[in-house]
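So the chains spell out like this:
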Amino acid sequence: MRLTEAQIDFFETFGFIKFPQLLADSVDWITDEFTKTFPDYEGIKPHDGTQRTCIARFIDQREKMNTLLDDPRIKAIGQTLVGDDFNYMGSDGNYYSGETGWHRDGYHHKYRHIKIAFYLDQLGGNSGALRVIPGSHRLDDQYGKDLTEKMRKSSELWGITGSQVPSVTLDVTPGDLLVFDHNTFHAAFNGGPNRRMFTMNLCERYREEDLQELRDYISGAARFWIDRAFTDIMMNTASPSRMVHLEQVMANDGHLAELSARMRETMPEPARG
Ligand SMILES: O=C(O)CCC(=O)C(=O)O
């Protein structure tokens, strides 16, 4: 499977795309695995609905979930949008509570980073569905620059709340996949205390001269107190074709354990996002 030219062009123009019911046949087992991952994860408090609960390396935790990285539909999204030899850049699993304000996940000029979001509840604009600002991934545009400066000041500048900022709301039914460029501004409003969602992040393979940039990105994972970018189970069960998507990060995460050790000394608990 490859995305169509129309899907690619839509993504490149607007910075996001929805695939309705692409994983409809897998929702039951994915939801079951999602639910089982939280109680099994050491060091995390049960979700009580007052704040976000987040597990990093989420699809890495259980062998069956690892196979999402081998799923032809996920690979087709990755291969079409970030190249045949794309890097898997980790995953997080969440019980969200309440709203998520407007933000970008990155500010990448050279390499495209994408997020694939799996929401496991039916959501609309009044119940925490993801909202995106079309075109906001275009950092080269004056539009993109204006948004960078202004998005956090919507009430001061425009007299409106975050939920009133013009955007597209991506209603979801479990089985849909939402894909967006990390540079795209996104948010969620009116969510309940237990929104279930996990992500997979993918990016273009970095060129040799930019590997320090990749290592700097990987450093960000230290806040989750993890020693390697991927779990042993994800790496040890990898087929040669999965390994294509792991190898560049595996070769560049040697500094993570030391950084994580430092984070453990200064943070009361691993980051929640
Ligand atoms: O669903 C949400 O609350 C926000 C998701 C989000 O910001 C993200 O995954 O980067």
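For every chain, the first residue of the written sequence is number 1, and numbering continues from 1 onward in sequence order. pLDDT decides what is reported in this predicted model: residues at 70 or higher carry local features, side-chain atom pairs at 80 or more are listed and counted, and totals for whole chains, interfaces and linings draw on all residues regardless. Side-chain measures were taken over the full set of non-hydrogen atoms in the model, leaving aside hydrogen atoms and water.

The chain is annotated in an unreviewed UniProt entry as Phytanoyl-CoA dioxygenase family protein from Paenibacillus spongiae.

Draft legend 1. Highlighting the sheet that holds strand β4 (residues 100-103). One requirement defines pairing of two strands: DSSP has to find at least two bridges between them. Secondary structure counts use DSSP, requiring at least four H or I residues in a row for a helix and at least two E residues in a row for a strand, with both numbered from the N terminus. Strand order across the open sheet formed by four strands is β4-β9-β6-β7, with antiparallel pairing between neighbours. Two strands close off the open sheet at either side, each with one partner strand: β4 and β7 (168-170). Averaged over neighbouring strand pairs, the angle between their axes works out to 25 degrees when direction is ignored. Strand direction decides the pairing type here: strand β6 (residues 130-132) and strand β9 (residues 186-188), joined by three bridges, are antiparallel. Within β9, the residue paired with Arg-131 across the bridge is Ala-187. Lines fitted to C-alpha atoms define the axes, with helix axes restricted to the stretch in contact, and inter-axis angles between N-to-C directions lie between 0 and 180 degrees.

Draft legend 2. Spotlight on the nonpolar core. If you look at the biggest cluster of nonpolar residues, it comprises 54 residues, and the most contacted ones within it are Ile-59, Ile-77 and Phe-198. Think of a nonpolar core as a cluster: buried Ala, Val, Leu, Ile, Met, Phe, Trp, Tyr and Cys residues, connected wherever their side-chain atoms sit within 4.5 Å. The classification of residues rests on relative accessible area computed with a 1.4 Å probe and restricted to protein chains. Under 20% of the type maximum is buried, over 50% is exposed, and intermediate values are partly exposed. By size, the runner-up hydrophobic cluster in this structure holds 13 residues, among which are Ala-117, Leu-170, Val-172 and Met-197.

Draft legend 3. Up close: the environment of Thr-4. Mapped onto the fold, Thr-4 is located in the segment before α1 (5-14). Taking the C-alpha atoms as reference points, Thr-4 and Phe-224, separated by 220 residues in sequence, lie 37 Å from one another.

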